[in-house]
Amino acid sequence: MIRQKIVAGNWKMNGSKASVSDLVNGLLEISESSAEVVVTPPFPFLSQVAEMIAPRNELVLAAQNLSQYEKGAYTGEVSAAMLTDFKVTYVLVGHSERRSLYGETDDVVAEKVKVALSAGLKPILCIGETLEEREAGQTLFVCERQVAAVIDVVGIQAFDNIVIAYEPVWAIGTGLSASAQQAQDVHQAIRANLASLSTPVSEKVQILYGGSVKASTSAELFTMPDVDGALVGGASLDAKEFLDIVKAAG
């Protein structure tokens, strides 16, 4: 099965109204690509970015997180319904920074996936191991556990509408990156694990790689048969660098 590649830029907690305007204008210089190109600004800039990209269809809007609650007394949280008001298509769920810095457990992540799907949003489910877990040979165990927690709540068929992003925690923001073959090996194992429950779902689901992705490394990465794109951090704040990654995706 031919799966469309996705190149998603996670801007994290970066930007101002002026810099976001400059970045989006730079990204709108994008040439035709077979990949789906996703931008993930901080919450305060969702409206600004939505308005800038609305006249065009080259860029797709995503959010960095959402609450597992529908509404109520949850100061500082953002609901799925609020995101759909801004024409958000994707939402990151379970990013390692949310897990490690804010204590999001596998169960919380699974509930967020459920809420996102119920609202018509497409979750980008982030999974991955720490350096200690990798050195202990637990990479696949960790990834399978994180995916299983979601399957337990929403079922395997829900993965028809879920994207997986494998992000080894030791490679995020460190300048280190898994080799293309290392990424392929883990992606292949994730897909095989899904296939044990549903072969059609495993063949359809898009699995992205994230972790210090750069233009210089993305071309080889995208040749791997089970790597369906990238979740890009720091490099997504540079329009030229990010578009070079998009170009490498085809």
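Cut-offs applied
Residues numbered from 1 in each chain as written. Predicted model: local features only at pLDDT ≥ 70, side-chain atom pairs only at ≥ 80, totals over all residues. Heavy atoms only, no water. Phe/Tyr/Trp six-rings, centres within 6.5 Å; stacked < 30°, edge-to-face > 60°. Buried < 20%, exposed > 50% of the residue type's maximum accessible area, 1.4 Å probe, protein only. Lys NZ or Arg CZ within 6 Å of the ring centre and 35° of its normal. Helix = DSSP H or I, 4+ residues; strand = E, 2+ residues; numbered from the N terminus. Expected span 1.5 Å × (residues − 1). Contact = heavy atoms within 4.5 Å. Pairing = 2+ DSSP bridges. Axes fitted to C-alpha atoms, helices over the stretch in contact; angles between N-to-C directions.

Q: Can you lay out the packing of aromatic side chains for me, pointing to particular residues and giving the numbers?
A: Each aromatic ring pair is characterised by the separation of its centres together with the angle its planes make. Taken as a whole and assessed by the stated rule, the structure comprises two aromatic pairs. Between Y69 and Y74 the ring centres are 4.2 Å apart and the planes differ by 5 degrees, which places this aromatic pair in the stacked class. Classification of Y69 by relative accessible area gives partly exposed; the value is 38%. One cation-aromatic arrangement involves R98 over Y102; the distance from NZ or CZ to the ring centre is 4.2 Å.

Q: So what's going on with helix α5 (residues 106-118)? Which residues, and what values?
A: Three- or four-residue spacings in an α-helix give side chains the same orientation, since the helix completes a turn every 3.6 residues. Here α5 contains 13 residues, and its C-alpha end-to-end distance of 19 Å stays within 8% of the 18 Å for a straight helix at 1.5 Å per residue. Among the residues of α5, those classed as buried are D106, V109, A110, K112, V113, V115 and A116. Summarising the contacts, the buried residues of α5 are in contact with α3 (80-85), β4 (90-93), α4 (96-102), β5 (122-127) and α7 (139-154). Two residues or fewer after α5 comes G120, characterised by a positive phi angle close to 85 degrees.

Q: Give a description of the sheet that holds strand β3 (residues 59-63) that names residues and reports values.
A: Think of a sheet as strands paired side by side through backbone hydrogen bonds, with each pair either parallel or antiparallel. Pairing is parallel around the closed barrel formed by eight strands, whose spatial order is β1-β2-β3-β4-β5-β6-β7-β8. Strand-to-strand twist in this sheet, taken as the mean axis angle between neighbours without regard to direction, amounts to 25 degrees. Direction of pairing for strand β7 (residues 207-210) relative to strand β8 (residues 229-232): parallel, over a ladder of two bridges. Looking across to β8, one finds that Y209 is bridged to A230. Helix α8 (residues 180-195) contacts β5, β6 (163-166) and β7 of the sheet and is inclined by roughly 145 degrees relative to β7.

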